[in-house]
Amino acid sequence: MALGGTAKKLQKVAEMAEDVYKKLNELREQVVEVRETVNETKSRVDRLEAENAEQRAILEAIAEEQGVDLDAAIAQAHISEAEEGSAGDDTGATADASDADADASSDTTDEA
């Protein structure tokens, strides 16, 4: 009878080992897929960063040609964004008015 019990235990251990082996292979496949996704994402991000740098260079050249103070425009955009974020929905009209004021002042400086 002892041999029968041992055989059952060995069979159970063998089945558990097969399950672990299957799960390990599935995990291995998932890791490979994740690596491929990460590599693809890195390639996309690199390409987008390069395109962004090109666009920024073009915008800086246009701003310089038009006499626009790029640092002031960026600062104004950050200020407006911060005001919108901290004030919420109540100052939507105020933010729009300040944007209009900024546009009017930039039009004045462009004419000068």
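Note that the structure is a prediction, hence the values are computed from the model and not measured.

### Digging into a negative patch on the surface
- A grouping of E26, E29, E33, E36 and E40 is seen on the molecular surface, where their side chains present a negatively charged patch.
- The exposure class of E40 is partly exposed, given its relative accessible area of 45%.

### Topic: the confidence of the model for the protein
- Taken residue by residue, the protein gives an average pLDDT of 83. The fraction at 70 or more is 77%.
- Considering each helix and strand of the protein separately, the mean pLDDT is smallest for helix α3 (residues 92-111), with a value of 47, and largest for helix α1 (residues 2-66), with 95.
- This stretch, residues 91-95, has a pLDDT under 50; its non-local contacts, to residues over four places away or in other chains, come to two contacts.
- With pLDDT under 50 throughout, residues 104-112 is counted as low confidence; its partners more than four residues away or in other chains account for two contacts.

### Comments concerning α1
- Given a rise of 1.5 Å per residue, 65 residues ought to cover 96 Å, and the 94 Å separating the end C-alpha atoms of α1 matches this to within 8%.
- A positive phi of about 75° marks G67, the residue just after α1.

Procedures and definitions
Residues numbered from 1 in each chain as written. Predicted model: local features only at pLDDT ≥ 70, side-chain atom pairs only at ≥ 80, totals over all residues. Heavy atoms only, no water. Patch = residues over 30% accessible without salt bridge, like charges linked within 9 Å, V, L, I, M, F, W, Y side chains within 5 Å. Areas by Shrake-Rupley, 256 points an atom, 1.4 Å probe, with all protein chains shown as cover. Salt bridge = Lys/Arg side-chain N within 4 Å of Asp/Glu carboxyl O. Lys, Arg positive; Asp, Glu negative; His and termini not counted. Charge placed at Lys NZ, Arg CZ, Asp CG, Glu CD. Buried < 20%, exposed > 50% of the residue type's maximum accessible area, 1.4 Å probe, protein only. pLDDT = per-residue confidence, 0-100. Helix = DSSP H or I, 4+ residues; strand = E, 2+ residues; numbered from the N terminus. Contact = heavy atoms within 4.5 Å. Expected span 1.5 Å × (residues − 1).

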